[in-house]
Structure formats: C-alpha cells, structure tokens
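Each chain is listed here by its residues.
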Amino acid sequence: MNVVYNPQSIEKKAQESWEHENLYQVTEDLSKEKFYCLSMFPYPSGKLHMGHVRNYTIGDVIARYQRMLGKNVLQPMGWDAFGLPAENAAMQNNIAPAAWTYSNIASMKQQLKQLGFAIDWSREIATCQPSYYRWEQWLFTKLFERGLIYRKTGTVNWDPIDQTVLANEQVIDGKGWRSGAVIEKREIPMYYFRITQYAEELLNDIDTLDHWPEQVKTMQRNWIGKSEGVTIHFPYTLDDQQAVLKVFTTRADTLMGVTYVAVAAEHPLASHAAQNNSELDAFIEECKRGSVAEADLAVQEKKGQFTGLYVQHPISGENIPVWVANYVLMSYGEGAVMAVPAHDERDFAFAKTYQLPIKQVISIENETFSADSWSEWYADKHRGVCINSESLNSLNHHQAIEKIAALLEEKKLGEKQTTFRLRDWGISRQRYWGCPIPIIHCNQCGDVTVPEEQLPVVLPEDVIPDGAGSPLAKLPSFYETTCPKCHQPAKRETDTMDTFVESSWYFARYACPDASQMIDKRADYWLAVDQYIGGIEHAILHLLYSRFFTKMMRDLNLVHVSEPFQKLLTQGMVTAPTFYRETPEGRKQWFNKTEVDISLDPKGRPISASLIADGNTVAMGGIEKMSKSKNNGVDPQTLIDTYGADTARLFIMFASPPEQSLEWSDSGVQGSHRFLKRLWSFATQHAALIRTQKEKPNAIPSSIKSWWREVQQVIQQTEKDYQRHQFNTVVSGGMKILNLLESLDLSIENNIYYLREGTNILLRILYPIVPHITYTLWEELNFKDSIVTQKSPQADPHALIQDEIDLVLQILGKTRDKITVPAQADSTYIESVVRDHATVAKFTEGRPIKRIVIVPGRLVNVVI
C-alpha cells in the first residue's frame, strides 16, 4: 500500500474497475424500490465548466447514497446537442456542426468519466442522432393529426441580412446580434404546440409538487398567469360594416375611466387607417422593427399615433379614439387594450405625452388624486371604490366588476372570461442544426405529415452554414420530395424545431433508449424521475414544457404519470472574484485570477491586486458568477489534473449547501486535498491494525463508551443530512470521525476492534462524496466485498443511550463548575450531589441554600 496519496493513479484504477464490471448499468428489478436520479443534461460545448461539475456531483452523491439504501438506482447521461451555438462555432471554424458537436461530446464524456460519476452509459443519448429525433418527429405527426400542433402566422424578430428569425435575447438595441442589421417584425407561418389547452391542468398540478422549491412553483404560476376578468366589446362602424373591438381586462371596474384604446401596429384597424395616412404608415413600419419581447416593451419609450378612428364606449356610448401604440403586441389577446390613464402607470405616461384626458374613477379615503404626477395608489384595486362612474359609484372592486359584467352581458357587449398569460408555444426555427419538422407542403393536398415508415426525416450532417438564412432552404436534395398522398412533386418543410422540444421528453427516453417505439413499458417502472437537479435558470420554460409533454404523452398512452419530476433541487451558482482594467475606449478588460497577484491584509483578506505580466494595478470587481464574459472561471480539468476528482468533489460538497451559491476558494480546495491526504496517511499508518480481525466485545467497554457514542451520534446526524441534502455537514461529520479515530488509545487491545469498525463507518459515510479514495482504501484494508455494494451506516440506538450526563453548575446564575450524575437520576439525588459538592461549599461560604433549581438535562442553579 503506497504511503503517498496519489489521486491520479487511484482514480484511474478505480474508474477502470467500475467500467470493467459495468457497476452502474441497471435494469428493471421489481424486487427493489427504484430511484431515478437525473441531472439536467448538458449542451456539448466542448469543455465542462464548474457549474456542470457542481450539478453532476450533487446528482452523483444523491445517486450513490440512494444505492447504499438498497435501491435500484438509475443515473443516466446524454447531450442536448442541437442548437444555435453549434452553427456559430461552425461558421467561425469552417466545420460542420455535426463534426463539432460529436467531437465535443467525446471530450466532455471523458471529463465526466474522470470525475467518477456513477452513470449508466449504456443509456447515453444525443438529441442530434436520428435514432432519437425520429420519435420526436413521430410524436409531432400524431399531435398534428390531433390538432395539438397547428400552423399559423406569427410575429417574429426578422434579421433582413441573415434572413432568419432571432430570439428576443439576440436583438440588441433593435439590431441583430451578428449582422448589426435593424430588426423587423415579420409575420411568417410557424408551427405551434397548443400548450394553452393544458393551462388549467398545468396550473392546478403545481399544488401536487410538494418537493419543489416554492420559488420555482411561484415562477411557474406567474408564467401561466391565470386571470379572471371581463372581455369588453367596443362597437364601431367601418366601411358601413358593424364590428366590435374586443379587449380583455382584469380591471373592468375602471371601464368608465377609459379615454382611448390602443391597438398593435399589425391590427386590422391600424392597417385600414394607414391606407391614406403616410405618417401613420411610417409609424407602423417603425413599430414593426421593434422587439417582440414583453421585457423590452416594458422599458422602451411609449410612442403612438392617432388613427382617426373611434369606437363606442359600451356603457356611455361616448366616442373613444383609437391609437396605434408600440407597447401593444398583436400576438397577445386581440391585439388591443383599453387605456385608463388615471389607474395604469403605462397609460398615464402615454396620456401625458399625447395630452389625452385622464379621468379618475377610483377613489381611496384620505388620498388626493392629481393628473400632474403618478402615484402608486392610483392603481390600488383593493382599497378603492368607484367614483365618476354613474351606477357603479361607491362600489368596491369586486362589486363593480360583477355589475359591469352583468350590464355588458345584458347588452351583448361583453362577458366574464378566464384567460391565461401563457401562449401557445411556437416551435419553428429558421435554423439548420435542429430537428427537421416532418411536414410536406403540397399544392394539391396542403400540409401533409410525413408517413411513419418514412421517418426519420434525416438532417444532412455535412452542411456548413454561412449565416444567411437556413441552409436547408437552399438544399434541393433535402426539400425536393413527393407528396405522400397524391405523389405529385412537393416541398419538404425546411424549418427545424425549437431545441426545447428535445429536452422536454429526454427523461422518458432514458428509461428505454433502445426501444423500437418512442417509449415502451420500461418507462412505467422508472417514471416519474425521483430527483431532478438543475439550475434555477430553467425554472420556467424547460420545466413547464417537460410537464406539458408528460401530460400529452400520458394522453397518448405513452406514459402513465402526469408529472415528470417528483423532487426538484435547484443548485446555486458557482462564483469567483473578478479583476479588470478600464480600456481607453471605456470598456472593461477582464483578467483571470491566474493572471493576477493579490495582496492580503494580516487577516488574509484581499486588499489590492496587480497584473503579473506588468506589475501594474488591476481593479477588483467583486464576487460574481463564473462566466466567460468576466473571465473568472476555473478550469475543472486543471483542478482534476492537480488535485484529483475526489478533491474537486469534496470541496464542492463541503463549501456550501447545494441550494446556495458556492464561492470559489483556492484555499478551500487545498484544505479539502489536505483532508484526503490525512485520511490516506491515517489508513496507511494503521493499515496493519485495521486489517486485524478482532472479536466484537460482549459489551461496550466503559473506557470507550463515550467515544463510541460520539461515533454513533455522527452516524445519526449524517443519515439526516444525506436525506435533506446537507452534504457540507456530512463532510463535517466525516472529519469528526477521523478526529475521533486519531484520538484512540491503540495500546488498549479492545480499541483495535473499534479502530476497524470506526474506519469502516468513516469510509461508508464519505463514499458517495469521495468514491475513489474510499473504494481504494476499502480494498486495501481488507473490508468485506466492495464498498460499492455496502449499505449506509445505521446508528446503534443502544450505543446512543447515555449512562451519565454532565450538568452545568451555577451559583446565583453564574457558571462555576459542572457535575456528573446518572442519566436517570431524580431531583432528590441531584440535590444531594449539589449540597455535597466542594464548589458549592466554596462559593456559599457557610450561607444557607434557599433553593436548588434544576433544568433537566442541562443545568443546576443554587440560590443562596
């Protein structure tokens, strides 16, 4: 047994052994309780970052611990392999996205293996493989035929140079992030999942997710956004035709305060009004070049143009002017809003800009309204009552809405309605590197789904995109085809699917990755996922879409659960210090910590920093999330090469509870490495004694009873900590047991048995966190079988029983000493011990004791 701890050698040997024995490959076993542990799969960028390492280490510790509880544990891994980053890298490196992606997968897979994760690699999937997306296309055709997918025109960000749709985050200051072209709003045909059909169930079932963070559940509820309100019809006449403008509002109580209505630039009323109005037409074109993101609309300058048209107020009959406003989106509701400037901050600002009437219709006692400046109470819907509202006067919020709804229904100009903020999910992308949409466009038959026997529609993998539109639209060998119905020449759809589609069902495919159908009966054994781990940034869309897909797949009888993830853990960020200099152009140049020399004060706190290359000062930018943009990342490969995977795992688990941010610390990493070296040194130093098989004493010797009880207390605590994912305190428990082992008097023969038992317990406690060193020491110290097959330590309830307890001894409330009494001693016995105690005699100095106050199990206070 080598006396020097060599993590690289130890870890390589352990990993080779695990792989040779297929230790983590599992099948369905009805005799065992299953546990499906899943971490969100990575995008194959080529290199792991510390966020990956933390995420997958947390999952691996949970998986290994659950295996030690005797469960049949599945921990799979795959690759979220489609997406725009591959196309960008392909253009930069003149390489096909497929080649770039598969190369990165190989690199990242090797890194994951080096970290020793207990992954069932036989279930590995990559979403860019036809064997995977074939079933995605199959599902698409079934949902399209059922009407759960449909095609309609949608408003998108269009880059006229790159000839492609951009996501909202790719529009920067109104321009394309890559081309710099001014972005246009464009109406193009797109495919939509009818997620709104499941809105009510998605909302209601949040209440069943008992083991999800409340923050995530709140974010989901807000995104779905159920609203109880009233749809109001504003009548108008156009070209001698009677029509109504429909507006949904949750504030029908403010209807009498409407002074204008605003419509989107794409609204038919706007188009009609612009026919003979060049100024309005120009404004509409300007609006079309704006963002389609709600977040952008909320902060942009509110602009508008009067259309010259009017609608009628449904109660008063008053003419209400119609404006085109840049803050109204056609894709939301009917593309129109009723404006109540006195009680909506956005409408107030718009009315002030264009000098429109501001009419107060809600009043709150002891508050004064002014049309000159906005005050938050103007929008309060709970305390106010209606004024200036005819028959609504003096009614509160709820009373007024009920009356307005009744009045409108009587006039056939409105009705109560429940709406959702959630909109149907548009999944069309004018990208190359994505799953082809299995639709054929035929001039005779319309949109036809690709027959099942012709699936998959394979994406050609030798294409190098140039950034100017989708390469598939320029590839006749891909899009030229024949109609499956009439067999006439037809055109294949060249849009690809949103990559969220792939990640919305991958967890089910892991259960049966080699199935000759989308999902087979093996999923009934594994689903739902017992523990899901991932970043809070996926709290809305990914989780919502996965929940939606699960319900759709249930309704197609593919799965038999309604929710995909039983428990959810959202791990915190990994943060690190930042360093920078201001450039002459006013930008910040960021430096990695490895490039910087840091000066510390006497307490070890950083006070200044300089660049190693030139010795000049750099600014310290504070602690921020590790990112490429701030150049404050730590390379996991360097960490593994220097200290080993177990050190990385131990530091990550010890530095912070999983849900909290983890601040990177070089000294913390070094401290973790020192602990592992100390563990190795202890084991090698005492290997001969630990290997010695000693008979278990018939009773715990009194000399070691207290020591053994402390060990059992640690076991008891780590059991609880593993269950509640407080791995940092599990590590603390392991450190305490090592301290106890080092304190053993090994000259006492009976203690040799407890040395071996204590070491056995320590290795099993630490195994899920540092599997390589514990696996190796277990073998070297001749413990039975392999640690991989061992159960988690269970505390001995008898050993936890204390024969004696210490009580703090106070005299007149001041601590003076302690007394030791039998654990079951009654008050009479305790009082007798106190009265005879030398410390009591010393401090009472012969004065009589008035009374003795006993706090059971804690202290005794003598009153004189």
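Higher on the page you've got the structure.
Each value, and the rule that gives it
- Residues numbered from 1 in each chain as written.
- Predicted model: local features only at pLDDT ≥ 70, side-chain atom pairs only at ≥ 80, totals over all residues.
- Heavy atoms only, no water.
- Phe/Tyr/Trp six-rings, centres within 6.5 Å; stacked < 30°, edge-to-face > 60°.
- Helix = DSSP H or I, 4+ residues; strand = E, 2+ residues; numbered from the N terminus.
- Buried < 20%, exposed > 50% of the residue type's maximum accessible area, 1.4 Å probe, protein only.
- Lys NZ or Arg CZ within 6 Å of the ring centre and 35° of its normal.
- 1 Å grid on protein atoms, 1.4 Å probe; cavity = no way out; pocket = protein on both sides within 12 Å on 5 of 7 lines; lining within 4 Å.
- Points joined across faces, edges and corners; volume = space filled by probe spheres on them.
- Nonpolar A, V, L, I, M, F, W, Y, C, P; charged D, E, K, R; others polar.
- Core = buried A, V, L, I, M, F, W, Y, C linked by side-chain atoms within 4.5 Å.
- Contact = heavy atoms within 4.5 Å.

### Focus on the packing of aromatic side chains
- Enumeration over the complete set of coordinates arrives at 47 aromatic pairs.
- Between Trp323 and Phe350 the ring centres are 5.7 Å apart and the planes differ by 85°, which places this aromatic pair in the edge-to-face class. In this pair, Trp323 sits in strand S14 (residues 319-325) while Phe350 sits in helix H11 (residues 345-354), placing the two residues 27 residues apart along the sequence. Exposure class is identical for Trp323 and Phe350. Each is buried.
- Summarising the aromatic geometry, the rings of Trp778 and Phe783 are spaced 4.7 Å apart at their centres and angled 40° between planes, so their arrangement reads as tilted.
- A relative accessible area of 1% places Trp778 in the buried class.
- Given a relative accessible area of 7%, Phe783 falls into the buried group.
- Linked through ring pairs, Phe193, Tyr198, Trp425, Phe500, Tyr545, Phe548 and Phe549 together constitute an aromatic cluster.
- The residue whose ring lies beneath Arg64 is Trp18, and the NZ or CZ to ring-centre distance is 4.9 Å.
- When the ring centre of Tyr580 is taken as reference, the NZ or CZ atom of Lys588 above it lies at 4.5 Å.

### So, the layout of surface pockets
- One number sums up the size of the second largest pocket: a volume of about 540 Å³.
- Every residue lining the second largest pocket is counted, 24 residues in all, and those nearest its centre are Gln15, Glu16, Glu19, Lys113 and Gln114.
- Elements represented by at least two residues in the lining of the second largest pocket include exactly helix H1 (7-20), helix H4 (97-114) and helix H17 (636-643).
- The class makeup of the residues in the lining of the second largest pocket is eight nonpolar, nine polar and seven charged.

### Notes on the nonpolar core
- Counting 180 residues, the largest nonpolar core has Phe193, Tyr506 and Trp664 as the members making the most contacts within it.
- It is helix H2 (residues 50-68) that provides the largest number of residues to this core, a total of nine residues.
- Once residues within four sequence positions are removed from consideration, Phe193 is found in contact with Leu143, Leu148, Ile149, Asp424, Trp425, Ile427, Val501, Phe548, Phe549 and Met552.
- Core analysis: the second largest hydrophobic core is formed by 42 residues, Leu280, Ala336, Val340 and Leu392 among them.

### Side note on unusual backbone geometry
- Omega for the peptide link from Leu455 to Pro456 comes to 5°, which places this bond in the cis form.
- With respect to the helices and strands, the residue Pro456 is situated in the loop between strand S22 (446-449) and helix H13 (476-479).
- For the bond running from Leu527 to Ala528, omega is 5°, close enough to zero to count as cis.
- Considering the arrangement of structural elements, one finds Ala528 in the loop between helix H15 (522-526) and strand S26 (529-535).
- At Asn388, a position not held by glycine, the phi torsion is positive, near 50°.
- Examined against the element boundaries, Asn388 turns out to sit in the loop between strand S17 (385-386) and helix H12 (397-411).

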